[in-house]
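Each chain, written out:
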Amino acid sequence: MTSTASAAAPTLNPQIVGQAEKAHKPFLDRILAPTGTTMSQWVALKFTAVSGGAADRDQLINRIGGALRIDDAAVLAVIAELITAELLKDVPGEGSRVGFTDAGQALYQQINGAIEEVIARVYGDIPVDDLATAARVLTLITTRLNAA
């Protein structure tokens, strides 16, 4: 005989959140590996794209550092790697802005497209309202943990 508690839906807890995060990582690693892009570099490319293809260097440093929980020196090293690889460049005449090169834009689109394909398969049949609720709850939890 099964108990009512065992048949109930799981309650959101740190273990479930962690398992979901860990389940995403292998697919991302498989997408990044053939491109030679590290997770830190991907995050930098993603934040550059979200900023419209170019971003103020200090804002980019803050966003990447916050997302990856790394210090400014480590973020600057990632940006330098991407500049050396000719994926990002200093934007002429725009102070401390950094932006995509054509190769950087193409690499971003390649990686992002592959990620979107996987996400569409995995998340595709989950009701939109459920995804919106999950996003709101996880965003609130993250905000509270960051403030603590």
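For clarity, every value in this text was computed on a predicted model and none was experimentally measured.

With respect to the overall build of the protein chain
Stage number 1. Secondary structure assignment for the protein chain yields 7 helices and 3 strands.
Stage number 2. Over its C-alpha trace the protein chain gives a radius of gyration of 19 Å, far above what one expects of a compact globule, namely 15 Å for 148 residues.
Stage number 3. Over its C-alpha atoms, taken along the principal directions, the protein chain stretches across nearly 70 × 35 × 25 Å.
Stage number 4. When burial is assessed residue by residue, the protein chain has 26% of its 148 residues classed as buried.
Stage number 5. For the protein chain, the proportion of contacts with a sequence separation of at least 24, taken over those separated by at least 6, is 54%.
Stage number 6. Counting every atom, the protein chain has about 9,700 Å² of accessible surface; 59% of that belongs to carbon and sulfur.
Stage number 7. When the 12 basic and 16 acidic side-chain charges of the protein chain are each reduced to a single mean position, those positions are 5 Å apart.

Observations concerning the sheet that holds strand β1 (residues 54-56)
Stage number 1. The strand order β1-β3-β2 describes an open sheet built from 3 strands, whose pairing is antiparallel. Edge positions in the sheet fall to β1 and β2 (88-90), since each of these pairs with one other strand and no more. Ignoring strand direction, the axes of neighbouring strands in this sheet form an average angle of 25°.
Stage number 2. Bridge count between β1 and strand β3 (residues 97-100): 3 bridges; the pairing is antiparallel.

Let's talk about the packing of aromatic side chains
Stage number 1. Inspection of the entire model under this criterion finds 2 aromatic pairs.
Stage number 2. With centroids separated by 5.4 Å and ring planes inclined at 10°, the aromatic side chains of W42 and Y108 adopt a geometry described as stacked. Of this pair, W42 sits in helix α3 (residues 39-50) while Y108 sits in helix α6 (residues 102-123); the two residues are 66 residues apart in sequence, bridging distant segments of the chain. Each member of the pair, W42 as well as Y108, is classed as buried.
Stage number 3. Consider the rings of F100 and Y108, whose centres lie 5.8 Å apart with planes at 35°: the pair is tilted.
Stage number 4. Take Y108: its relative accessible area is 11%, and that puts it in the buried class.
Stage number 5. A network of ring pairs unites the aromatic residues W42, F100 and Y108 as a single cluster.

Quick notes on the pattern of salt bridges
Stage number 1. For the coordinates displayed, the defined rule picks out 2 salt bridges.
Stage number 2. Note that K25 is salt-bridged to D29, the shortest N-O span being 2.8 Å. Of this pair, K25 and D29 both sit in helix α2 (residues 14-32), 4 residues apart, which is roughly one turn of the helix.
Stage number 3. Judged by its relative accessible area of 45%, K25 falls in the partly exposed class.

Quick word on the pairing of β3
Stage number 1. Two elements, β2 and β3, share 3 bridges in a ladder whose sense is antiparallel. In the strand pairing of β3, D90 is matched with V98.

A word on a nonpolar patch on the surface
Stage number 1. Nonpolar side chains collect at one region of the surface, where L12, V17, V137, L138, I141 and L145 lie side by side and expose about 460 Å² of accessible area between them.
Stage number 2. Of note, L145 is situated in helix α7 (residues 128-147).
Stage number 3. Exposure remark for L145: the relative accessible area of 62% places this residue in the exposed category.

Each value, and the rule that gives it
Residues numbered from 1 in each chain as written. Predicted model: local features only at pLDDT ≥ 70, side-chain atom pairs only at ≥ 80, totals over all residues. Heavy atoms only, no water. Helix = DSSP H or I, 4+ residues; strand = E, 2+ residues; numbered from the N terminus. Rg over C-alpha atoms; globule rule 2.2 N^0.38 Å. Buried < 20%, exposed > 50% of the residue type's maximum accessible area, 1.4 Å probe, protein only. Contact = heavy atoms within 4.5 Å. Areas by Shrake-Rupley, 256 points an atom, 1.4 Å probe, with all protein chains shown as cover. Lys, Arg positive; Asp, Glu negative; His and termini not counted. Charge placed at Lys NZ, Arg CZ, Asp CG, Glu CD. Pairing = 2+ DSSP bridges. Axes fitted to C-alpha atoms, helices over the stretch in contact; angles between N-to-C directions. Phe/Tyr/Trp six-rings, centres within 6.5 Å; stacked < 30°, edge-to-face > 60°. Salt bridge = Lys/Arg side-chain N within 4 Å of Asp/Glu carboxyl O. Patch = residues over 30% accessible without salt bridge, like charges linked within 9 Å, V, L, I, M, F, W, Y side chains within 5 Å.

Any functional reading would require information beyond the geometric quantities listed.
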